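What follows is the residue order along each chain.
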Amino acid sequence: MITLEDVTYTYPFQRHSALSEVNLHVAPGEAIAVTGASGCGKSSLLRVINGLIPHHFEGEWAGRARVAGRLTRQAMLAEISARVGTLFQDPEQQFFALHVEDELAFTHEQRGEHPARIGTRVQWAMERFRLTGLSHASVYDLSDGQKQKVALAEVMSRSPSVLVLDEPTANLDPEATRELAQHLAELRAEGVTLVIVDHRLYWLTGLVDRILVMEAGRLVMAGSAEAVAESRHRFGLRQLRVEDQRARLPEVPRGGRGHIEVSGLSFAYRNGPALIEDLDLSLPAGEVIGVLGPNGAGKTTLVRLLTGLLKPDAGQIRVQGRSLSARALMRRTSVVLQNTDHQLHMRTVREELISSVRGAGWEVDPAWIDELLHEYALNGLEKRHPQSLSGGEKQRLVVACGHARRPQLFVLDEPTSGLDGANLTLIVRSLQRLADSGACVIVISHDLELIERVCTLRLTLPAR
Amino acid sequence: MPVSSITRTAGDRQTPLHGLAMRTKMLISVIAAVAVVVLESPAVLLGLLVISTAYAALSRRYGVLLGAYLLFGALWLLALGFMHVMGVFLPRLGYGELADVVVPFLRSAILLNAVLAMALSSRIQGALSALKSLYLPYWLYLPAVAMVRFVPAFLFDVQQVGESVRLKGYRPGPFLLVRHPVASLRLIFMPLLFRALRTADDLSVAAELKGLGANTPASRYREDRFGERDWVFMVLAAVAIGGSLWLELGVGWS
């Protein structure tokens, strides 16, 4: 179904090849996973299979790629996309309509299909992926898992023979990940060829026939989950077995004295129901607290209240026994938002760190900046523009910026989404060090591996 | 704040306006736009303004309408202020009589009502389908789709960048823009620029992977059918605008 022969590819204006002499054969109905450290060429391999390379991304190309019986260089991209479906990490990236049914119909409409056939395909997709009750829902009102399901339903409504998935679980909670794996297993049983690129490997072990490991643009290993597990550290990969520790973590005390005390906290968005109601908490220093709960439970809202970004309708937040204004609260906290692009403003990595130190009201100590650059493996990148860094490097930088403020409360929203094993380990160690230095660290994450390795307490918010 | 709360429209409400076909509302807006160019009489325009305000009020989004009118009024006051200043230094460019200002004000207010009535009572998807039904060329239709689709994403980016600026210890707002223009550029516009570029890239990739490059004529899954109510509104609009034209051009009202 997929055959790559000596494929070498270099992006425009780049010196190093993203792919070097890649040879790959995937049989019809086979399921493979591709993994490797950040920047190893996984996504480029995927782009070769779905035809984005060389049709969308120009550059230097050598070798031959044949997918679903056609040489990708000779076929038009529209023709390839009819045979190869692609699912992104963030499903919103691929939505063109605002409602579920409209989204499912959109591509068929653009292809000029007969309305009766469109109706049949839409109906099939909604029933197949259990979306019938959501047909008129806004895509913005869906949970991340539901969004991913809509995106998958839309792709499969086109009946592709190959499905490629780029980190499809990065935004999903463990339950939604399980459901996605179930859908993929069913598709595989129906004969669809699957190529899944992901850092998270635990959910793939029962699903794929083999795991390929890439390094510096080359395929360096292919084998079973057990074989790859043995070489995990060598290639900086994530764990292949992860324990779900969520239920085993002790719950944070509700009330009483602590590093940060919350009493009677209530909040509702304008014209909305109460999201947080009369909440009492005692958050101790020196701990890493995982905030758990389903989508819509108010996890992000709670940390926005704790950090002063939102004003509560009622209640008090005390830090070391003192009630603080929103501005003072913000000075003592660091927040790492989910999207790194929103948080990087300065011209260089060093300036970004210095700006964070100044923003918290501290004097800039060059030795402290050097220490952070070293701790977060950013040496050598200090003169680079932050927006020019890779995803993993940006993630390390925003965490380093949060650390630079020497916060009493450090909140991180999905800090390891899309990070490889080596970067995950680096973040885990830093969070542990921060907690050891007396800060209260709060992590909102669906990443079971991160929760298992770093969280010492949990704060569970009930479903609303 | 959830994205849906930023982007929610009155799509789920049911008022007489919501039952109208998108093409009817577009047509009424176009006819109103042409009519106000022709009409010059303040009295006739005032009559049309009353009718168009009643038309916009049918959306029952009174709070949003009030906010839009206040913003509209503020912009007009700002424009008048600048015209006054210009008139002091260059008398030829200033406004002479009240009528010089009243007529353009009434014209723009009527258009605002027509657009608000359409915007506050339509699903964005309906607007996209209507655009498609006009058989616009692909290169014109797709950017329109992309623009409408990514307005919510852009608003979300603005909100997120604002929060990250606050977390850095700044207070985003007009004061920051005036007092620290260079810092504002760096803090607010640079991340938005990079996000916009990234979104544009993601969008083009998604469009290509959906096979939108195949130059086949588009079809429509759901028809935007004309009903009895559409004809009633079209006749009422024709009577109001035709009557206004007759009063000014036929009877000679001024």
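Re the domain arrangement of chain B
Now for step 1: Structurally, chain B comprises domain 1 (22–122 + 226–251) and domain 2 (136–209).
Now for step 2: Using C-alpha coordinates to define each centre, domain 1 of chain B is positioned 31 Å away from domain 2 of chain B.

Let's talk about empty space enclosed by the protein
Now for step 1: Scanning all chains against the criterion turns up two cavities of 30 Å³ or more.
Now for step 2: In terms of lining, the largest cavity is formed by 15 residues, of which the most central are A:Val335, A:Gln343, A:Ser356, A:Cys401 and B:Lys168.
Now for step 3: The set of elements that each furnish at least two residues to the lining of the largest cavity consists of strand E16 (333–336), helix H12 (349–359) and helix H14 (391–404) of chain A together with helix H7 (138–167) of chain B.
Now for step 4: The element best represented in the lining of the largest cavity is E16(A), accounting for four residues.
Now for step 5: Its residues placed into classes, the lining of the largest cavity shows six nonpolar, six polar and three charged.
Now for step 6: Put simply, the second largest cavity is a space of about 50 Å³.
Now for step 7: Around the second largest cavity, the lining residues are A:Val84, A:Gly85, A:Thr86, A:Phe88, A:Gln94, A:Arg158, B:Ala206, B:Leu209 and B:Lys210.
Now for step 8: Contributing elements (two or more residues each) for the lining of the second largest cavity: strand E6 (84–87) of chain A together with helix H9 (181–209) of chain B.

Thoughts on the sheet that holds strand E1 (residues 2–10) of chain A
What holds strands together in a sheet is hydrogen bonding between their backbones, with the strands either parallel or antiparallel.
Residue and element names in this part refer to chain A.
Now for step 1: Here four strands make up an open sheet; going across it, the order is E2-E1-E4-E5 and the pairing antiparallel. If you trace the sheet from one side to the other, it starts and ends with strand E2 (19–26) and strand E5 (70–71), each paired once.
Now for step 2: As judged from the five bridges shared by E1 and E2, these two strands associate in the antiparallel manner. Counted as the bridge partner of Leu4 is Leu24 from E2.

Details of the interface of chain A and chain B
One frequently used descriptor of interface size is the decrease in accessible area upon assembly of the parts.
Now for step 1: In this complex, chain A contributes 62 residues to the contact, which on the side of chain B involves 57 residues.
Now for step 2: For the pair chain A and chain B, the two sides together bury roughly 5500 Å², of which 54% comes from carbon and sulfur.
Now for step 3: Where chain A meets chain B, there are five salt bridges.
Now for step 4: A salt bridge links B:Glu163 to A:Arg304; the shortest N-O distance between them is 3.0 Å.
Now for step 5: The tally of links between chain A and chain B comes to 15 residue pairs in polar contact (both at pLDDT 80 or more).
Now for step 6: Those elements giving two or more residues to the side of chain A that touches chain B turn out to be helix H3 (77–83), helix H4 (100–110), helix H5 (115–128), helix H11 (326–331) and H12 of chain A.
Now for step 7: Looking at which element gives the most residues to the side of chain A that touches chain B, the answer is H4(A), with nine residues.
Now for step 8: For the side of chain A that touches chain B, the class distribution of residues is 22 nonpolar, 23 polar and 17 charged.

Comments concerning the nonpolar core
All names here are of chain A.
Now for step 1: Formed by 52 residues in total, the largest nonpolar core has its most connected members in Leu163, Leu184 and Trp203.
Now for step 2: Take this core: its biggest share by element is six residues, from helix H6 (residues 144–156).
Now for step 3: Apart from residues lying up to four places away in sequence, Leu184 is in contact with Leu163, Leu165, Leu194, Ile196, Trp203 and Leu207.

Comments concerning a nonpolar patch on the surface
Now for step 1: A cluster of nonpolar residues, B:Val30, B:Val34, B:Val37, B:Val38 and B:Leu249, forms a patch on the protein surface that exposes about 480 Å² of accessible area.
Now for step 2: Top element by residues in the nonpolar patch is helix H2 (residues 22–38) of chain B. It accounts for four residues.

Topic: the sheet that holds strand E3 (residues 31–36) of chain A
Residue and element names in this part refer to chain A.
Now for step 1: Strand order in the open sheet formed by six strands is E6-E7-E8-E3-E9-E10, with mixed pairing between adjacent strands. Because the sheet does not close on itself, it has two edges, and the strands there are E6 and strand E10 (218–223). Here the average twist between neighbouring strands, direction ignored, is 20 degrees.
Now for step 2: Bridge count between strand E7 (residues 162–166) and strand E8 (residues 193–197): five bridges; the pairing is parallel. Bridge pairing in E8 links Leu165 to Ile196.
Now for step 3: Across the sheet, helix H1 (residues 42–49) touches E3, E6, E7, E8 and strand E9 (210–215), and the angle it forms with E7 is around 155 degrees.

Quick look at the confidence of the model for chain A
Now for step 1: Confidence in the prediction for chain A averages 90 pLDDT; 99% of positions are at 70 or higher.
Now for step 2: Mean pLDDT across the elements of chain A bottoms out in H11(A) (83) and peaks in E8(A) (96).

Some details on the pattern of salt bridges
Now for step 1: This model, assessed by the stated rule, comprises 34 salt bridges over all chains.
Now for step 2: One salt bridge in this structure joins A:Lys149 and A:Glu179, with 2.9 Å as the shortest N-O distance. With A:Lys149 in helix H6 and A:Glu179 in helix H7 (residues 174–189), this pair connects stretches of sequence that are 30 residues apart.
Now for step 3: The salt bridge partner of B:Lys210 is A:Glu154, with a shortest N-O separation of 3.2 Å. Of the two residues, B:Lys210 sits in the loop between H9 and helix H10 (228–251) while A:Glu154 sits in helix H6, which places them in two different chains. For the pair B:Lys210 and A:Glu154, one class covers both residues: buried.
Now for step 4: Sharing partners across several salt bridges, the network here consists of A:Arg200, A:Arg238, A:Asp447, A:Glu449 and A:Arg453.

Quick notes on the environment of B:Leu48
Residue and element names in this part refer to chain B.
Now for step 1: Among the secondary structure elements, Leu48 is positioned in helix H3 (residues 42–57).
Now for step 2: For Leu48, a relative accessible area of 7% corresponds to the buried category.
Now for step 3: The sequence separation of Leu48 and His84 amounts to 36 residues, and the corresponding C-alpha distance is 28 Å.
Now for step 4: Look past the residues within four positions of Leu48 in its chain and what remains in contact with it is Leu39, Ile110, Ala240, Ile241 and Ser244.

What to know about the packing of aromatic side chains
Residue and element names in this part refer to chain A.
Now for step 1: In total, this model carries eight aromatic pairs over all chains according to the counting rule given.
Now for step 2: Centroid distance Trp124 to Phe129: 6.3 Å. Interplanar angle 85 degrees. Geometry classified as edge-to-face.
Now for step 3: When its relative accessible area of 0% is taken as the criterion, Phe129 is described as buried.
Now for step 4: The rings of Tyr9, Tyr11 and Phe57 are connected pair by pair, giving a single aromatic cluster.

A few points about H6(A)
All names here are of chain A.
Now for step 1: Its 13 residues give H6 an end-to-end C-alpha distance of 18 Å, which sits within 8% of 18 Å, the value for a rise of 1.5 Å per residue.
Now for step 2: The buried fraction of H6 amounts to eleven of the 13 residues, a majority that puts the element mostly inside the structure.
Now for step 3: Burial in H6 covers these residues: Gly145, Lys147, Gln148, Lys149, Val150, Ala151, Leu152, Ala153, Glu154, Val155 and Met156.
Now for step 4: In this structure, the buried residues of H6 make contact with E6, H4, H5, E7 and H7.

Scoring rules and cut-offs
Residues numbered from 1 in each chain as written. Chains lettered and ligands numbered in written order. Predicted model: local features only at pLDDT ≥ 70, side-chain atom pairs only at ≥ 80, totals over all residues. Heavy atoms only, no water. Domains from an automatic or database assignment. 1 Å grid on protein atoms, 1.4 Å probe; cavity = no way out; pocket = protein on both sides within 12 Å on 5 of 7 lines; lining within 4 Å. Points joined across faces, edges and corners; volume = space filled by probe spheres on them. Helix = DSSP H or I, 4+ residues; strand = E, 2+ residues; numbered from the N terminus. Nonpolar A, V, L, I, M, F, W, Y, C, P; charged D, E, K, R; others polar. Pairing = 2+ DSSP bridges. Contact = heavy atoms within 4.5 Å. Buried area = accessible area lost by both parts, 1.4 Å probe. Salt bridge = Lys/Arg side-chain N within 4 Å of Asp/Glu carboxyl O. Polar contact = N/O pair within 3.5 Å; in protein donor to acceptor, adjacent residues only side chain to side chain. Core = buried A, V, L, I, M, F, W, Y, C linked by side-chain atoms within 4.5 Å. Buried < 20%, exposed > 50% of the residue type's maximum accessible area, 1.4 Å probe, protein only. Patch = residues over 30% accessible without salt bridge, like charges linked within 9 Å, V, L, I, M, F, W, Y side chains within 5 Å. Areas by Shrake-Rupley, 256 points an atom, 1.4 Å probe, with all protein chains shown as cover. Axes fitted to C-alpha atoms, helices over the stretch in contact; angles between N-to-C directions. pLDDT = per-residue confidence, 0-100. Phe/Tyr/Trp six-rings, centres within 6.5 Å; stacked < 30°, edge-to-face > 60°. Expected span 1.5 Å × (residues − 1).

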